[in-house]
Amino acid sequence: MSASLQWGGRFAAPPDAALIAFGSSLEDDLPLAPFDVRCSLAHVEALEGGGAIGAQYADALRAALAQVADEVRDGSFAAWARALGAEDVHGAIDARVRELAPEAGAYLHAGRSRNDQVATTLALYARDRAERGARHALAIARTLCSAANDEAAAGTLLAATTHWQPAQPVLLAFWLAAATEPFVRAAQRFTAARKAASATCPLGSAAVAGSTIPLARERSAAFLGFAAPSRNAMDAIGTRDAALDVAHAFVRAVLDASRVAEEIVLWAAPAFGYVRIGDATATGSSLMPQKRNPDALELVRGGASELVGLYGGALSSLAGLALSYHRDLQQTKRLCVLAIERGVAILDAFARAIADVTFVREAMNARAADGYAVATDIADALILRGCSAREAHALVGERVRRAEEEGRALDTGDLAALASAIGVPALEAPLDAAASVSAKATVGSTSPDAVRASLAELASEIAALEARL
Ligand code: ARG
């Protein structure tokens with residue numbers, strides 16, 4: 001058996017080195033190394049607890065694994081595993097333990113297969129990254145929510161659009177709260193994925209059928225912080241649900257970030273001039289000296305497609321795969337890890353970039369009622385005076401057409417004309433953005449009271465989620 005492989009006795013000739021290199025997942029696995037060390041320590045618990053090894057070997061294994069943990073931290077383990085030409089990080093850690101503690105090390109893999117090792121390590125990794133995801137989502141939610149509170153106090157107005165066309169005036173705080181909500185849901189998704197990833201421990205399932213070696217599975221499960229050992233060895237080694245759930249949570253959070261990023265990218269364009277991206281975040285051009293580009297936010301936007309692709313690939317690697325372990329699951333692992341690592345980086349970048357955005361209040365306020373954005377409120381006023389919705393829509397539409405022809409905004413003259421059209425002495429309706437916003441009467445609307453109430457709820461939900469971390 002070659003040092004780099006954990007198998008070989010039944011083969012007369014050595015394997016094709018190119019095929020071993022082709023099948024190696026070492027580079028993709030390296031983020032899993034610290035978790036595999038913990039998984040191996042847990043297996044020592046199971047072996048010792050079941051009486052399969054004595055305290056002397058158990059202690060020797062623990063000492064060797066502690067050293068491997070140090071080597072993982074200082075980067076020397078990665079170099080060692082690369083030089084060994086290991087098939088994967090799981091085999092490499094086993095090999096390094098055997099090198100450090102040859103006698104005891106030869107027992108580490110008793111009652112264990114890479115199949116249960118991979119499944120357990122990947123679940124531990126997924127759980128850790130789910131926590132990071134929740135932290136990032138909550139940090140983003142906090143930043144957006146606190147900006148919303150500032151803008152609520154300032155009363156900043158914004159021309160809300162649908163289809164990118166002027167729709168109705170809103171408070172900028174309302175837009176910021178709308179941007180915050182998805183990150184609270186993202187944090188909930190990460191928290192749920194972390195809990196699911198902590199439910200059952202695959203370790204001790206061995207290759208597919210469990211083991212004849214007595215393993216204290218409760219002990220290894222508890223050591224790793226799982227609620228219980230898994231119930232079915234075949235399912236435990238064949239599922240990648242934990243990693244997929246966490247990858248999904250990252251894809252969704254990054255999609256949310258990409259939508260906010262897109263709007264800010266547009267707002268940063270001089271044609272809008274709604275925001276200024278700080279010097280620490282903006283980037284220049286190698287040719288055009290005046291440039292101030294929002295590259296970080298563009299990369300967040302583009303990163304969403306990247307993650308969808310990686311996650312889609314992980315899902316399709318499972319299509320039609322029979323139960324139990326198949327090497328295709330190595331690709332599932334690779335794609336989940338890539339998506340998750342990229343997701344962590346993108347959320348971190350997004351958190352930094354949005355904290356460096358300043359709103360140009362005057363520009364937003366000045367344009368909040370552009371494009372006849374108060375037309376709906378005027379139609380509503382007619383309805384409140386007994387007009388049908390259809391009639392009100394048609395009457396106000398005509399006033400908008402006329403005002404547009406005359407190159408002016410809707411004004412008191414339009415209100416007087418509408419009042420006489422429906423036979424009332426006068427009509428009161430908002431004609432500017434601030435009045436429009438204040439006139440809103442429904443729960444969840446952009447009225448200052450509703451926005452303040454929603455921000456208070458958001459802040460307490462964020463605090464409750466932070467407390468659960
Ligand atoms: N490198 C493999 C993976 O990541 C390890 C499992 C190999 N198991 C096996 N039966 N060949 O999935």
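Residues numbered from 1 in each chain as written. Predicted model: local features only at pLDDT ≥ 70, side-chain atom pairs only at ≥ 80, totals over all residues.

Student: For this particular structure, what's the right way to read the overall build of the protein chain?
Tutor: A tally of regular secondary structure across the protein chain gives 20 helices and six strands. At 30 Å, the protein chain has a C-alpha radius of gyration far larger than the 23 Å of a compact globule built from 469 residues. Overall size of the protein chain, expressed as C-alpha extent along the three principal axes, is 100 × 55 × 40 Å. Counting across all 469 residues of the protein chain, residues that qualify as buried make up 47%. (Helix = DSSP H or I, 4+ residues; strand = E, 2+ residues; numbered from the N terminus. Rg over C-alpha atoms; globule rule 2.2 N^0.38 Å. Buried ≥ 20, exposed ≤ 12 C-beta atoms within 10 Å, placed from the backbone.)

Student: Even after reading the chapter, I still don't get the domain arrangement of the protein chain, so can you show me in this structure?
Tutor: Where interface size is given, it is often the accessible area lost as the parts come together that is meant. Per the domain assignment, the segments making up the protein chain are domain 1 (17–110), domain 2 (115–145 + 171–211 + 228–367) and domain 3 (375–431). Centre-to-centre separation of domain 2 and domain 3, based on C-alpha positions: 47 Å. (Domains from an automatic or database assignment.)

Student: Would you mind showing me how to read the nonpolar core here?
Tutor: Residues A137, V246, A247 and A339 are the most contacted members of the largest nonpolar core, which totals 147 residues. Sequence-distant contacts of A339, that is, excluding residues within four places in its chain, are made with A247, F250, V251, L307, L310, Y311 and A314. (Core = buried A, V, L, I, M, F, W, Y, C linked by C-beta atoms within 7 Å. Contact = placed C-beta atoms within 7 Å.)

Student: What is the right way to read the site of the ligand from this model?
Tutor: Within the structure, the ligand sits among S25, E87, D88, H90, R114, N115, V118, Y325, R327, L329, Q330 and K333. The class makeup of the residues in the shell around the ligand is three nonpolar, four polar and five charged. In this structure, the shell around the ligand is formed jointly by two domains, domain 1 (17–110) and domain 2 (115–145 + 171–211 + 228–367), each of which donates at least three residues. (Near = placed C-beta within 6 Å. Nonpolar A, V, L, I, M, F, W, Y, C, P; charged D, E, K, R; others polar.)

Student: Looking at this model, I keep getting lost on the environment of L335. Mind explaining?
Tutor: Along the polypeptide, L335 turns up in helix 14 (residues 328–354). Taking the C-alpha atoms as reference points, L335 and L310, separated by 25 residues in sequence, lie 5.6 Å from one another. Among all residues touching L335, those that are not within four sequence positions of it are L310, G313, A314 and S317.

Student: How do you make sense of helix 12 (residues 241–268) when you look at a structure like this?
Tutor: Helix length check: helix 12 (28 residues) gives 40 Å between terminal C-alpha atoms against 40 Å at 1.5 Å per residue, within 8%. With 21 of 28 residues buried, helix 12 is to be regarded as a mostly interior element. (Expected span 1.5 Å × (residues − 1).)

Student: For this particular structure, what's the right way to read the environment of S113?
Tutor: The residue S113 is located in the loop between helix 7 (102–105) and helix 8 (114–154) in this model. S113 gets classed as buried once you count the C-beta atoms within 10 Å, which come to 20. The contacts of S113, once residues within four sequence positions are left out, are A206 and A207.

Student: Explain unusual backbone geometry to me, please; I cannot follow it from the model alone.
Tutor: Trans is the common state for peptide bonds, and a negative phi is the common state for residues other than glycine. Unusually for a residue other than glycine, H163 sits at a positive phi of about 55 degrees. Judged by local crowding, H163 falls into the exposed class, with 6 C-beta atoms found within 10 Å. Positive phi is not limited to glycine here, since S324 has a value of about 80 degrees. Position of S324 among the secondary structure elements: in the loop between helix 13 (295–316) and helix 14.

Student: Looking at this structure, I do not really get the pairing of strand 1 (residues 157–162). What am I missing?
Tutor: Remark: a regular strand shows side chains that alternate across the two faces of the sheet. Sheet topology note: the strand 1/strand 2 (residues 165–171) ladder contains six bridges and is antiparallel. The partner of T162 across the bridge, within strand 2, is Q165. Here strand 1 hands over to strand 2 after two residues, with H163 in that stretch at a positive phi of 55 degrees. (Pairing = 2+ DSSP bridges.)

Student: What am I meant to see in the packing of helix 12 against helix 13 here?
Tutor: When two helices pack together, their arrangement is captured by the angle between the axes and the distance separating the axes. Helix 13 packs onto helix 12 with a crossing angle of 155 degrees between their chain directions and a minimal axis gap of 8 Å. By the angle between their axes, helix 12 is roughly antiparallel relative to helix 13. Here helix 12 runs over helix 13; the crossing is left-handed. Split into classes, the residues belonging to the contact of helix 12 with helix 13 amount to 17 nonpolar, three polar and three charged. (Axes fitted to C-alpha atoms, helices over the stretch in contact; angles between N-to-C directions. Parallel < 35°, antiparallel > 145°, perpendicular 65-115°, else oblique. Left-handed = near helix turned anticlockwise from the far one by under 90°.)

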